[in-house]
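Tertiary structure, described
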Amino acid sequence: MLMKLHDLTTLSTETPGGEAAKVRGLYLTAEMNVREVVVDMNGLLDLRTIAMPAAAFGTPDVEAGTWPVDITTEAIKGCEPVRQEPESALEKVKDMVFSPLPETRGTLRSGEAYKGLSLDLNEGPVGRVLDIVVDTDTMMVPFVVVETGSWLPDRQVLLPTAKINSINWDDGKGKVDATQEEISAAPDVFENDQITTTGSGTLLTYYGIGA
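What comes next concerns the included structure. (Residues numbered from 1 in each chain as written. Predicted model: local features only at pLDDT ≥ 70, side-chain atom pairs only at ≥ 80, totals over all residues. Heavy atoms only, no water.)

1. Some words on helix α5 (residues 197–206)
Residues lying three or four places apart along an α-helix face the same way, a consequence of the helix completing one turn every 3.6 residues. The set of residues buried in α5 consists of G199, S200 and L203. All buried residues of α5 lie within an arc of 100° about the axis, which places them on one face of the element. Exposed positions of α5 whose direction lies more than 90 degrees from the buried face are T197, T198 and T205. Of the residues flanking the end of α5, it is G208, one or two places downstream, whose phi is positive at about 75°. (Buried < 20%, exposed > 50% of the residue type's maximum accessible area, 1.4 Å probe, protein only. Helix = DSSP H or I, 4+ residues; strand = E, 2+ residues; numbered from the N terminus. Arc of directions from axis to C-beta.)

2. Quick word on the environment of P160
Among the secondary structure elements, P160 is positioned in strand β11 (residues 156–160). Residues P160 and P142 lie 18 residues apart in sequence; the distance between their C-alpha atoms is 5.7 Å.

3. Topic: the pairing of strand β12 (residues 164–168)
For β12 and strand β13 (residues 173–176), the ladder comprises four bridges, and the chain directions are antiparallel. Bridging across to β13, I167 finds its partner in G174. Count of turn residues in the β12/β13 antiparallel hairpin: four residues, of which G172 carries a positive phi of about 65°. (Pairing = 2+ DSSP bridges.)

4. Topic: the layout of surface pockets
Regions of empty space are outlined by a rolling probe, equal in size to a water molecule, passed over the atoms. The volume enclosed by the largest pocket comes to roughly 290 Å³. In this structure, the largest pocket is lined by 21 residues; those nearest its centre are T29, A30, E31, M32 and Y114. Only β7 (108–110), β10 (140–148) and β12 provide two or more residues apiece to the lining of the largest pocket. A total of four residues in the lining of the largest pocket trace back to one element, the largest contributor, which is β12. Classifying every residue of the lining of the largest pocket by side-chain character gives twelve nonpolar, seven polar and two charged. (1 Å grid on protein atoms, 1.4 Å probe; cavity = no way out; pocket = protein on both sides within 12 Å on 5 of 7 lines; lining within 4 Å. Points joined across faces, edges and corners; volume = space filled by probe spheres on them. Nonpolar A, V, L, I, M, F, W, Y, C, P; charged D, E, K, R; others polar.)

Here you go:
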């Protein structure tokens, strides 16, 4: 299933042991594979924001608003906190509302860090990244959603991450291996603001990826 990061962070999750949590964000490898899912624990005795292994998560149930996870209570206790544990429920709420996740965790980078990234071609700008798209079956990020600039106004396009050659995090810019003509003529694969598997396959074929 293909889902935007924004939509994933609207989901809740419950472990087989009954621990409830709210999805907060993701941490990715340099290859844009999801390694960790960050959740806010909602238990009376556990108010931590922790990083769970992405491999433990199944297929999201969009209608129910849940993302199933197969992890034991003991494994949860061993999950690393992403930030210092709040002293109270009130501090937890303030942290959730006002404090973004750290941009990096070791060699991993937050999915939110990609939002706002400026993408450029040799011939000029593409636009800025609005969101990343996660394949929850493979835990890879095959696409980014890009808001194009003045050269292609009022458009949001889906760009394969395989076309992003490099990212300079110091200046917040990435280089794209495509042309403005290719991007402007790419098929529109959004359906009710969602990305279908068929549509994504069509787009990858259009860009010559995985053929």
